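Notes for the structure review
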Amino acid sequence: MKSDLELVEDVKNGDRKAFSELVIRHQRPLLRLTMRFLKDQMLAEDVVQESFIKAYEKLNLFEGRSSFKSWLFQIAVNTAKNRLRSMPLEQVNIDDVHLGVDPGAESQMVRGDISKLLHKEVDLLPERQRIALTLRIFEDLSFKEIAEIMGCPYDTAKANYRHGLMRLKERLEALQGDTDWNDFETFLPVEGRRMATEADQ
Amino acid sequence: MKKNDEAIVNARAKAPAKVLEDVWVDFVENELDATFQEDLSLLLVNSQADKQQVETITKLRDLIKGSDDVCLPEDGRIYEALHDRIMAATANMEPGTAVREEDVNTVRFMSRFTRKRAAVGASSLMGIAVALFAWFGANQQIQQMSTQVAAVQLEQPNEAAILAESAASGDSINDEVLGVAGEDEFFADAASQKIAALSDQDYAAFVADLRN
């Protein structure tokens, strides 16, 4: 099986099949990544398509200093960011907003809907922190790859990730009060619980 | 190993909390060099507070990871369709035809530079033209003024000639030439002359009148 770099060279020499192979190889991870940012499959598919077209056009600019995957992800992240900026802001009807009366309601909400809350908090992070956190935790990329995708130095990518993680920690602690972090474990899905146990070990 | 432990404990005492938190994040991410990672593992055995911090970071990370709700479609036809769309969109395109960003920037810079130079040149020419115009205008005005002054000088006979003429003719001196004192000035002069002519006795009476 040919490597990405070999396929890229073939595409540059006019081999369309090589490009088809690159699309097949990377379209799923790219779709997953764009779905994280756009939260909509159709939009994400559009961005994936646009990213591949841009990559095809700019193939002469790819020098192989980073991996093809990182380069492609960089194009996809920037395309998704531009798409998000061009989208109108979501509006909330004031009548739909319910104010909590019970002092324990917030705590119960956090316990009951921790995943949604975490997603909301991740979305509220500054853009660069959110991207670094998403690429690291959800996509399991190394900081070197994250730095390549974000187009920033290695230490900056790491600092963005750290700040994002610490901000989430502060937010959860503020919402939870003095609750023990071990209480959260019961809200983890099986996979998460398994990972937590492994980490403890 | 014990020496290492002590060194880390000492370093911990000196380091601000923020740095430590960052170090523990790097520890959880396995981003530290192997020796330091091992040293910190040893520190964790003895320090409950640090252990707690590492556990918190690890659990938070797992919570975020566990909250992943992105589900990729399983239907293979979606990917086939996406692949076909991409291939169709690039069918009539040449690979790698994009212009390098730096080249675009260079072209932009050059055109901007040329435009800027043209603008500077045009404004300089305009400035020179305005300066020349102003110089010609001022020059013309000065010439006009000197002509007018000369004409006035020619029209008006000089003062000495007028005085000589009036002295010869025996007429009163022209007010226009000698100037006219105002009415107040005239009465003040008359009063001062009169007061000067008063005897001491009359002057004292006059002053007493004024006081009363």
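Below is a short write-up of the structure. On a predicted model such as this, the values are computed, not experimentally measured, just so you know.

Take the interface of chain B and chain A next. At the interface, 45 residues of chain B touch 60 residues of chain A. With both sides pooled, the region where chain B packs onto chain A buries about 5,100 Å², and carbon together with sulfur makes up 64% of that total. Broken down residue by residue, the surface that chain B buries against chain A is led by Lys59(B), Leu63(B) and Ile64(B), which jointly contribute 13%. Taken together, the links from chain B to chain A amount to 9 salt bridges. As a salt-bridge pair, Asp26(B) and Lys158(A) come within 3.7 Å of each other at their nearest N and O atoms. Summed over the shared surface of chain B and chain A, the number is 17 residue pairs in polar contact (both at pLDDT 80 or more). Among the secondary structure elements, those contributing two or more residues to the side of chain B that touches chain A are α2 (17–28), α4 (48–66) and α5 (76–89) of chain B. Sort the elements by how many residues they give to the side of chain B that touches chain A and α4(B) lands first, with 13 residues. When grouped by side-chain class, the residues that make up the side of chain B that touches chain A number 20 nonpolar, 9 polar and 16 charged.

What follows is about the side chain of Thr90(B). With respect to the secondary-structure elements, Thr90(B) resides in the loop between α5 and α6 (101–155). The exposure class of Thr90(B) is buried, given its relative accessible area of 0%. If we skip the residues at most four places from it in the chain, Thr90(B) touches Arg16(A), Phe19(A), Ile53(A) and Tyr56(A).

What follows deals with the pattern of salt bridges. Taken as a whole, this structure holds 26 salt bridges over all chains when the rule is applied. Between Lys81(A) and Glu127(A) there is a salt bridge; the shortest N-O distance is 3.6 Å. Of this pair, Lys81(A) sits in helix α4 (residues 68–86) while Glu127(A) sits in helix α7 (residues 127–138), placing them 46 residues apart in sequence. For Lys81(A), a relative accessible area of 15% puts it in the buried group. Residue Glu127(A) is classed as partly exposed on the basis of its relative accessible area, which comes to 28%. Between Asp26(B) and Arg162(A) there is a salt bridge, with its nearest N and O atoms 3.3 Å apart. Note that Asp26(B) is positioned in helix α2 and Arg162(A) in helix α9 (residues 154–176), a pairing that runs across two chains. The two residues Asp26(B) and Arg162(A) agree in class, both being buried.

Conventions and cut-offs
Residues numbered from 1 in each chain as written. Chains lettered and ligands numbered in written order. Predicted model: local features only at pLDDT ≥ 70, side-chain atom pairs only at ≥ 80, totals over all residues. Heavy atoms only, no water. Contact = heavy atoms within 4.5 Å. Buried area = accessible area lost by both parts, 1.4 Å probe. Salt bridge = Lys/Arg side-chain N within 4 Å of Asp/Glu carboxyl O. Polar contact = N/O pair within 3.5 Å; in protein donor to acceptor, adjacent residues only side chain to side chain. Helix = DSSP H or I, 4+ residues; strand = E, 2+ residues; numbered from the N terminus. Nonpolar A, V, L, I, M, F, W, Y, C, P; charged D, E, K, R; others polar. Buried < 20%, exposed > 50% of the residue type's maximum accessible area, 1.4 Å probe, protein only.

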